[in-house]
Amino acid sequence: MPLNIPNSLTWARIVLIPIFVGVFYLPDSMLSVPGKNLVATLLFAAAAVTDWFDGYLARALGQTSAFGAFLDPVADKLMVAAALILLVELSRVDAIIAVIIIGREITISALREWMARVGKSASVAVAYIGKLKTAAQMAAIPLLLYDAPLLSIDVRTLGNVLLYVAAALTLWSMGYYLQRAIPLLTAEQGEK
């Protein structure tokens, strides 16, 4: 495991997860609910920024590695899953939306792992639709964590609209990736 700046940023995101979750379990006497919302929003935003930054640095500094390519999406998925589970518990997100998004991530991760094993990982490389999905959910989650009017904007409503868009894009992108994998799946079944 090469320890470089991009991988260190990825590890920092993983370390942030229990801190991010723990904020909501602090007593209200220690940190008010609006304070918890603000701190969690800032932590999630910091994680999102480091996600972009570690990829940029890995390419710019020539510090890409197989381990970094594995760990980066794992860190992203863990942070998003933790945030969605918290938002469901806080009654800010419908459980079905969280299940759709988290379920898709697990399904596509497993599909990518299998495709890599059969030497066809390029068939399920990140597509533009997946990037749109990520952008929608990364915009929605901080709004739902913040959960207070901002410049007279109802952030919960806006966050939920964006999360429903993310869920629709999630299903669409899952269909896209599965469609690309089906010929390989059926070819492998034919060989057995």
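Every value quoted in this text rests on a predicted model; they were computed, and no experiment measured them.

Undergrad: Can you tell me about the overall build of the chain, naming the residues and giving the values?
TA: Within the chain one finds six helices and zero strands. Helices and strands in the chain line up, N terminus first, as α-α-α-α-α-α. Over its C-alpha trace the chain gives a radius of gyration of 18 Å, about what one expects of a compact globule, namely 16 Å for 192 residues. With respect to the three principal axes, the spread of C-alpha positions in the chain is 65 × 35 × 25 Å. For the chain, with 192 residues in total, the buried portion stands at 40%. Partitioning the contacts of the chain with sequence separation of at least 6, the portion at a separation of at least 24 is 75%.

Undergrad: Kindly report on the pattern of salt bridges, identifying the contributing residues and their values.
TA: Pairing between side chains of opposite charge can happen when their charged atoms approach one another. In the structure shown here, the tally under the stated rule is 10 salt bridges. For the salt bridge of Asp 51 with Arg 13, the shortest nitrogen-to-oxygen distance reads 3.6 Å. Residue Asp 51 is found in helix H2 (residues 33-60), and its partner Arg 13 is found in helix H1 (residues 5-23); the two are separated by 38 residues along the sequence. Overall, Asp 51 belongs to the buried group, its relative accessible area being 18%. Linking Arg 104 and Glu 105 is a salt bridge whose minimum nitrogen-to-oxygen distance equals 3.2 Å. Using a relative accessible area of 8% as the deciding quantity, one classes Glu 105 as buried. One connected set of salt bridges, linked through shared partners, spans Arg 13, Asp 51, Asp 54, Asp 72 and Asp 76.

Undergrad: Summarise the packing of H1 against helix H3 (residues 66-89); cite the residues concerned and give the values.
TA: One way to put it is that H1 packs onto H3 with a least axis distance of 9 Å and a crossing angle of 20 degrees. Regarding the angle of H1 to H3, the classification is roughly parallel. Considering how the two elements wind past one another, H1 and H3 form a crossing that is left-handed. Contacts between H1 and H3 involve Asn 7, Thr 10, Trp 11, Arg 13, Ile 14, Ile 17, Phe 20 and Val 21 on the former and, on the latter, Phe 67, Gly 68, Leu 71, Asp 72, Ala 75, Asp 76, Leu 78, Met 79, Ala 82, Ala 83 and Leu 86.

Undergrad: Summarise the packing of H2 against helix H5 (residues 128-146); cite the residues concerned and give the values.
TA: Two elements in contact, H2 and H5, have axes whose closest approach is 8 Å; the angle formed by their N-to-C orientations is 160 degrees. As far as their axial angle goes, H5 and H2 are roughly antiparallel. Note on packing geometry: the crossing formed by H2 with H5 is left-handed. On H5, the residues that touch Asn 37, Leu 38, Ala 40, Thr 41, Phe 44 and Ala 48 of H2 are Met 138, Ile 141, Pro 142, Leu 145 and Tyr 146. Here the contact of H2 with H5 is built from residues that sort into nine nonpolar, two polar and no charged.

Undergrad: Just give me the short version of the nonpolar core, but keep the residues and values in it.
TA: Core analysis: the biggest nonpolar cluster contains 37 residues, and Phe 20, Phe 44, Leu 84, Ile 141, Leu 145 and Leu 163 have the highest contact counts within it. Every element with two or more residues in this core is listed here: H1, H2, H3, helix H4 (95-117), H5 and helix H6 (155-191). Apart from the residues lying within four places of it in its own chain, the contact partners of Phe 20 are Ala 40, Leu 43, Phe 44, Met 79, Ala 82, Ala 83, Leu 86 and Leu 145.

Undergrad: So what about the environment of Lys 133? Which residues, and what values?
TA: Mapped onto the elements, Lys 133 comes out in helix H5. When the C-alpha positions of Lys 133 and Ala 168 are compared, they lie 8.3 Å apart, and in sequence the two are 35 residues distant. Setting aside chain neighbours within four positions, we find Lys 133 in contact with Arg 104, Glu 105, Ala 166, Leu 169 and Thr 170.

Undergrad: Tell me about the packing of aromatic side chains, and name the residues and values.
TA: Counting across every chain of the model gives five aromatic pairs. Judged by centre distance (6.4 Å) and plane angle (20 degrees), the rings of Phe 53 and Tyr 56 are stacked. Highlighted residues: Phe 53 and Tyr 56, both in helix H2, separated by three residues, approximately one helical turn. Look at Tyr 176 and Tyr 177: their rings are 5.4 Å apart centre to centre, the planes differ by 70 degrees, and that puts the pair in the edge-to-face class. Overall, Tyr 176 belongs to the partly exposed group, its relative accessible area being 31%. In this structure an aromatic cluster arises from ring pairing among Trp 52, Phe 53 and Tyr 56.

Conventions adopted
Residues numbered from 1 in each chain as written. Predicted model: local features only at pLDDT ≥ 70, side-chain atom pairs only at ≥ 80, totals over all residues. Heavy atoms only, no water. Helix = DSSP H or I, 4+ residues; strand = E, 2+ residues; numbered from the N terminus. Rg over C-alpha atoms; globule rule 2.2 N^0.38 Å. Buried < 20%, exposed > 50% of the residue type's maximum accessible area, 1.4 Å probe, protein only. Contact = heavy atoms within 4.5 Å. Salt bridge = Lys/Arg side-chain N within 4 Å of Asp/Glu carboxyl O. Axes fitted to C-alpha atoms, helices over the stretch in contact; angles between N-to-C directions. Parallel < 35°, antiparallel > 145°, perpendicular 65-115°, else oblique. Left-handed = near helix turned anticlockwise from the far one by under 90°. Nonpolar A, V, L, I, M, F, W, Y, C, P; charged D, E, K, R; others polar. Core = buried A, V, L, I, M, F, W, Y, C linked by side-chain atoms within 4.5 Å. Phe/Tyr/Trp six-rings, centres within 6.5 Å; stacked < 30°, edge-to-face > 60°.

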